[in-house]
Amino acid sequence: QVQLVESGGGLVQPGGSSRLSCIASGSIFSINAMGWFRQAPGKQRDLVAIINSGGSTNYADSVKGRFTISRDTAKNTVYLQMNSLKPEDTAVYYCYFLARRTRVLDPADYWGQGTQVTVSS
(Lines give C-alpha, C1' and ligand atoms only; values in the text may rest on other atoms or scores of the structure.)
Protein backbone atom coordinates (compact mmCIF):
# COMPACT_ATOMS: atom_id res chain seq x y z
CA GLN A 1 0.00 0.00 0.00
CA VAL A 2 1.07 3.58 -0.63
CA GLN A 3 0.18 6.38 1.77
CA LEU A 4 0.44 10.09 1.05
CA VAL A 5 0.60 12.54 3.92
CA GLU A 6 0.23 16.25 3.30
CA SER A 7 1.27 19.16 5.47
CA GLY A 8 0.98 22.90 5.21
CA GLY A 9 -1.98 25.02 4.26
CA GLY A 10 -4.24 26.89 6.63
CA LEU A 11 -5.35 30.51 6.63
CA VAL A 12 -3.34 32.94 4.50
CA GLN A 13 -3.92 36.60 3.76
CA PRO A 14 -4.38 37.71 0.15
CA GLY A 15 -0.99 38.32 -1.41
CA GLY A 16 0.66 35.97 1.03
CA SER A 17 2.57 32.74 0.54
CA SER A 18 2.29 29.20 1.74
CA ARG A 19 4.02 25.91 1.03
CA LEU A 20 2.45 22.49 0.88
CA SER A 21 4.40 19.28 1.30
CA CYS A 22 3.45 15.69 0.59
CA ILE A 23 5.47 12.62 1.42
CA ALA A 24 4.73 9.15 0.13
CA SER A 25 5.46 6.04 2.13
CA GLY A 26 4.92 2.35 1.70
CA SER A 27 5.85 -0.03 -1.07
CA ILE A 28 6.94 2.12 -4.03
CA PHE A 29 8.95 0.75 -6.95
CA SER A 30 8.84 3.87 -9.11
CA ILE A 31 7.01 7.17 -9.43
CA ASN A 32 5.78 8.34 -12.83
CA ALA A 33 4.40 11.68 -11.69
CA MET A 34 3.69 13.78 -8.64
CA GLY A 35 1.23 16.60 -8.46
CA TRP A 36 -1.35 18.74 -6.76
CA PHE A 37 -5.06 19.10 -7.42
CA ARG A 38 -7.59 21.30 -5.70
CA GLN A 39 -11.30 21.31 -5.12
CA ALA A 40 -13.36 24.31 -4.10
CA PRO A 41 -16.84 23.88 -2.57
CA GLY A 42 -19.35 22.88 -5.22
CA LYS A 43 -16.70 22.49 -7.90
CA GLN A 44 -14.83 19.60 -9.45
CA ARG A 45 -11.29 18.61 -8.53
CA ASP A 46 -8.88 20.31 -10.91
CA LEU A 47 -5.19 19.99 -11.66
CA VAL A 48 -3.00 22.68 -10.12
CA ALA A 49 0.47 21.46 -11.02
CA ILE A 50 2.22 18.25 -11.93
CA ILE A 51 5.81 17.09 -12.41
CA ASN A 52 6.75 13.90 -14.22
CA SER A 53 9.65 11.53 -13.72
CA GLY A 54 11.74 13.50 -16.19
CA GLY A 55 11.21 16.74 -14.31
CA SER A 56 8.82 18.35 -16.78
CA THR A 57 6.13 20.45 -15.19
CA ASN A 58 2.65 21.56 -16.13
CA TYR A 59 0.53 24.20 -14.41
CA ALA A 60 -3.05 25.35 -14.52
CA ASP A 61 -3.26 28.70 -16.29
CA SER A 62 -4.72 30.29 -13.16
CA VAL A 63 -1.56 29.61 -11.12
CA LYS A 64 1.20 30.08 -13.69
CA GLY A 65 3.81 32.50 -12.45
CA ARG A 66 2.56 32.27 -8.86
CA PHE A 67 2.89 28.58 -7.90
CA THR A 68 5.94 26.36 -8.22
CA ILE A 69 6.00 22.59 -7.94
CA SER A 70 9.18 20.83 -6.91
CA ARG A 71 10.22 17.42 -5.65
CA ASP A 72 12.78 15.51 -3.68
CA THR A 73 12.88 12.11 -5.33
CA ALA A 74 15.14 10.61 -2.68
CA LYS A 75 12.48 11.40 -0.08
CA ASN A 76 9.43 10.65 -2.27
CA THR A 77 8.26 14.16 -1.50
CA VAL A 78 6.56 16.80 -3.58
CA TYR A 79 6.14 20.47 -2.70
CA LEU A 80 3.91 23.28 -3.87
CA GLN A 81 5.14 26.80 -3.22
CA MET A 82 2.24 29.20 -3.52
CA ASN A 83 2.89 32.93 -3.80
CA SER A 84 0.66 35.93 -4.42
CA LEU A 85 -2.30 33.98 -3.14
CA LYS A 86 -5.79 35.12 -4.07
CA PRO A 87 -9.16 34.40 -2.45
CA GLU A 88 -10.04 32.28 -5.48
CA ASP A 89 -7.18 29.94 -4.55
CA THR A 90 -9.22 28.86 -1.54
CA ALA A 91 -9.81 25.12 -1.79
CA VAL A 92 -8.89 21.73 -0.43
CA TYR A 93 -5.56 20.78 -1.98
CA TYR A 94 -4.88 17.12 -2.71
CA CYS A 95 -1.51 15.53 -3.28
CA TYR A 96 -1.34 13.03 -6.15
CA PHE A 97 1.16 10.36 -7.14
CA LEU A 98 1.13 8.08 -10.17
CA ALA A 99 3.31 5.20 -9.02
CA ARG A 100 4.18 1.56 -9.42
CA ARG A 101 4.27 -0.64 -6.35
CA THR A 102 6.29 -3.35 -8.13
CA ARG A 103 8.04 -3.83 -11.46
CA VAL A 104 5.15 -5.84 -12.92
CA LEU A 105 2.19 -3.81 -11.72
CA ASP A 106 0.76 -1.01 -13.82
CA PRO A 107 1.04 2.51 -12.43
CA ALA A 108 -1.84 3.46 -10.15
CA ASP A 109 -3.26 6.70 -8.79
CA TYR A 110 -2.69 7.58 -5.14
CA TRP A 111 -4.21 10.52 -3.30
CA GLY A 112 -3.55 12.36 -0.09
CA GLN A 113 -6.30 13.14 2.38
CA GLY A 114 -6.41 16.81 1.40
CA THR A 115 -5.40 19.97 3.20
CA GLN A 116 -7.44 23.16 3.40
CA VAL A 117 -6.00 26.40 2.09
CA THR A 118 -8.08 29.48 2.85
CA VAL A 119 -7.07 32.85 1.45
CA SER A 120 -8.88 35.59 3.31
CA SER A 121 -8.25 38.80 5.19
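Shown above is the structure to which this text applies.
Because the structure is predicted, anything quoted here is derived from the model rather than measured. (Residues numbered from 1 in each chain as written. Predicted model: local features only at pLDDT ≥ 70, side-chain atom pairs only at ≥ 80, totals over all residues. Heavy atoms only, no water.)

**Student:** So, the state of the cysteines: which residues are in play, and what are the values?
**Tutor:** Within this structure, the stated rule accounts for 1 disulfide. Shown here is the disulfide that connects Cys 22 with Cys 95, its sulfur atoms set 2.0 Å apart. The S-S bond linking Cys 22 to Cys 95 shows a torsion near -80 degrees; that makes this disulfide left-handed. Of this pair, Cys 22 sits in strand β3 (residues 18–26) while Cys 95 sits in strand β9 (residues 91–100), and the two are 73 residues apart along the sequence. There is no split in this pair, since Cys 22 and Cys 95 are both buried. (Disulfide = S-S within 2.5 Å. Helix = DSSP H or I, 4+ residues; strand = E, 2+ residues; numbered from the N terminus. Buried < 20%, exposed > 50% of the residue type's maximum accessible area, 1.4 Å probe, protein only.)

**Student:** Could you give an account of the pattern of salt bridges, naming the residues involved and the relevant values?
**Tutor:** If the charged atoms of two oppositely charged side chains come close together, the side chains can form a pair. Under the defined criterion, the tally for this structure stands at 3 salt bridges. Between Lys 64 and Asp 61 there is a salt bridge, and its shortest N-O distance comes to 3.0 Å. Measuring nitrogen to oxygen at the nearest pair gives 2.7 Å for the salt bridge that ties Asp 89 to Arg 66. You can see Asp 89 sitting in the loop between β8 (77–82) and β9 and its partner Arg 66 sitting in the loop between β6 (57–59) and β7 (67–72), a full 23 residues away along the chain. Each member of the pair Asp 89 and Arg 66 is classed as buried. When salt bridges that share partners are traced, they join Arg 38, Arg 66 and Asp 89 into one network. (Salt bridge = Lys/Arg side-chain N within 4 Å of Asp/Glu carboxyl O.)

**Student:** Lay out the nonpolar core with the relevant residues and their values.
**Tutor:** One finds Trp 36, Leu 80, Tyr 93 and Phe 97 to be the most contacted residues of the largest nonpolar core, which totals 29 residues. Those elements giving two or more residues to this core turn out to be β1 (2–7), β3, β4 (30–39), β5 (46–52), β7, β8, β9 and β11 (115–119). Per-element tally for this core: the top contributor is β9, with 5 residues. With near-sequence residues (within four places) excluded, Tyr 93 lies in contact with Glu 6, Leu 20, Trp 36, Phe 37, Arg 38, Val 48, Phe 67, Leu 80, Met 82, Gly 114, Thr 115 and Val 117. (Core = buried A, V, L, I, M, F, W, Y, C linked by side-chain atoms within 4.5 Å. Contact = heavy atoms within 4.5 Å.)

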